[in-house]
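# Residue-level structural notes
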Amino acid sequence: MSKMIFAMISDFYREVAGKEIHTGMVIAHQTFEDMLRWNPHFHAILLEGGFDEDGTFVYLPFSDLEKMTEYFRRSVLRFFTEKKLLTEQFSRNLLSWKHSGFSIDNSVRILDGRSRENLAQYLARPPISFEEDPL
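Basis of the calculations
- Residues numbered from 1 in each chain as written.
- Predicted model: local features only at pLDDT ≥ 70, side-chain atom pairs only at ≥ 80, totals over all residues.
- Heavy atoms only, no water.
- Helix = DSSP H or I, 4+ residues; strand = E, 2+ residues; numbered from the N terminus.
- Buried < 20%, exposed > 50% of the residue type's maximum accessible area, 1.4 Å probe, protein only.
- Contact = heavy atoms within 4.5 Å.
- Areas by Shrake-Rupley, 256 points an atom, 1.4 Å probe, with all protein chains shown as cover.
- Expected span 1.5 Å × (residues − 1).
- 1 Å grid on protein atoms, 1.4 Å probe; cavity = no way out; pocket = protein on both sides within 12 Å on 5 of 7 lines; lining within 4 Å.
- Points joined across faces, edges and corners; volume = space filled by probe spheres on them.
- Nonpolar A, V, L, I, M, F, W, Y, C, P; charged D, E, K, R; others polar.
- Axes fitted to C-alpha atoms, helices over the stretch in contact; angles between N-to-C directions.
- Parallel < 35°, antiparallel > 145°, perpendicular 65-115°, else oblique.
- Left-handed = near helix turned anticlockwise from the far one by under 90°.
- Salt bridge = Lys/Arg side-chain N within 4 Å of Asp/Glu carboxyl O.

## A word on the overall build of the protein
Within the protein, the regular secondary structure consists of four helices and four strands. The N-to-C order of helical and strand elements in the protein reads α-β-β-β-β-α-α-α. Taken along its principal axes, the extent of the C-alpha atoms in the protein is 50 × 45 × 25 Å. Here the protein, with 135 residues, has 26% of them falling under the buried criterion. In the protein, of all internal contacts separated by at least 6 residues, the share reaching a separation of at least 24 is 51%. On the protein, roughly 9900 Å² of surface is accessible, and the fraction owed to carbon and sulfur atoms is 55%.

Structure follows, in structure tokens:
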């Protein structure tokens with residue numbers, strides 16, 4: 001699934017930039033949330049943009065999260081339908097839902113070394129630890 005997320009973000013960036021760009025990211029899968037409830041989701045540290053063929057960084061700020069969320073939603077449903085894990089009819093039904101179950105949150109920004117370290121520790125944390133939360 002991490003490869004799929006990387007491909008979706010790369011494709012989205014290419015579409016927004018109007019040209020081929022190369023980006024980078026770290027993606028971590030988590031299956032739990034607070035109180036160890038089942039909640040499969042992904043966290044990522046990624047560039048807001050990428051480098052074009054000339055080596056110039058193309059800045060693509062996350063400003064239209066609704067558009068990116070819908071792109072992810074349709075990509076995931078297409079993947080499951082192609083793998084015969086969902087029927088076409090069920091996929092269309094899911095697309096008709098007002099609340100899709102997909103969301104993107106970009107509220108955590110890495111602006112300094114401390115922020116980068118805190119976010120990296122959060123991504124790497126185990127579901128259960130006998131130590132206090134470092135954050």
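## A few points about helix α2 (residues 65–82)
Every α-helix carries 3.6 residues per turn, so stepping three or four residues along brings you back to the same face. Compared with the 26 Å implied by 1.5 Å per residue over 18 residues, the 25 Å span of α2 between its first and last C-alpha is a close match. For α2, every residue scored as buried is listed here: M68, T69, F72, R73, S75, V76, L77 and T81. In this structure, the buried side of α2 is in contact with α1 (2–17) and α3 (88–95). Backbone geometry just after α2 places K84 at a positive phi near 65°.

## With respect to the environment of N93
Relative to the assigned elements, N93 resides in helix α3. Note on N93: relative accessible area 35%, which makes it partly exposed. It is 23 Å that separates the C-alpha atoms of N93 and M1, two residues lying 92 residues apart in sequence.

## Some details on the layout of surface pockets
A probe as big as a water molecule, rolled over the atoms, marks out the empty space that is left. A volume near 1400 Å³ is recorded for the largest pocket. Lining the largest pocket are 42 residues, with F42, H43, A44, S103 and D105 positioned closest to its centre. For the lining of the largest pocket, the secondary structure elements donating two or more residues are α1, β1 (25–32), β2 (38–46), α2 and α4 (113–124). By residue number, the principal contributor to the lining of the largest pocket is β2, which donates eight residues. Considered class by class, the residues forming the lining of the largest pocket number 24 nonpolar, 12 polar and six charged.

## Focus on the side chain of S75
Relative to the helices and strands, S75 is located in helix α2. Classification of S75 as buried rests on a relative accessible area of 7%.

## Overview of the packing of α1 against α2
One way to put it is that α1 packs onto α2 with a least axis distance of 11 Å and a crossing angle of 130°. Here α1 lies oblique to α2, going by the angle between them. Relative to α2, α1 is oriented so that their crossing is right-handed. Across the interface between the two elements, M4, M8, I9, D11, F12, Y13 and E15 from α1 touch K67, M68, Y71, F72, S75, V76 and F79 from α2.

## Topic: the pattern of salt bridges
A full pass over the atoms with the stated rule returns five salt bridges. Here E70 and R73 are joined by a salt bridge, their closest N and O atoms 3.0 Å apart. Of this pair, E70 and R73 both sit in helix α2, three residues apart, roughly one helical turn. Classification of E70 by relative accessible area gives partly exposed; the value is 25%. Of the residues examined, R73 reaches a relative accessible area of 7% and is grouped as buried. Where E70 meets R74, a salt bridge forms, and the shortest distance between an N and an O atom there is 2.8 Å. With a gap of four residues between them, E70 and R74 both fall in helix α2, about one helical turn apart. For R74, a relative accessible area of 42% corresponds to the partly exposed category. Members of the salt-bridge network, linked through shared partners, are D11, R14 and E20.

Everything listed here is a matter of geometry and, on its own, says nothing about what the molecule does.
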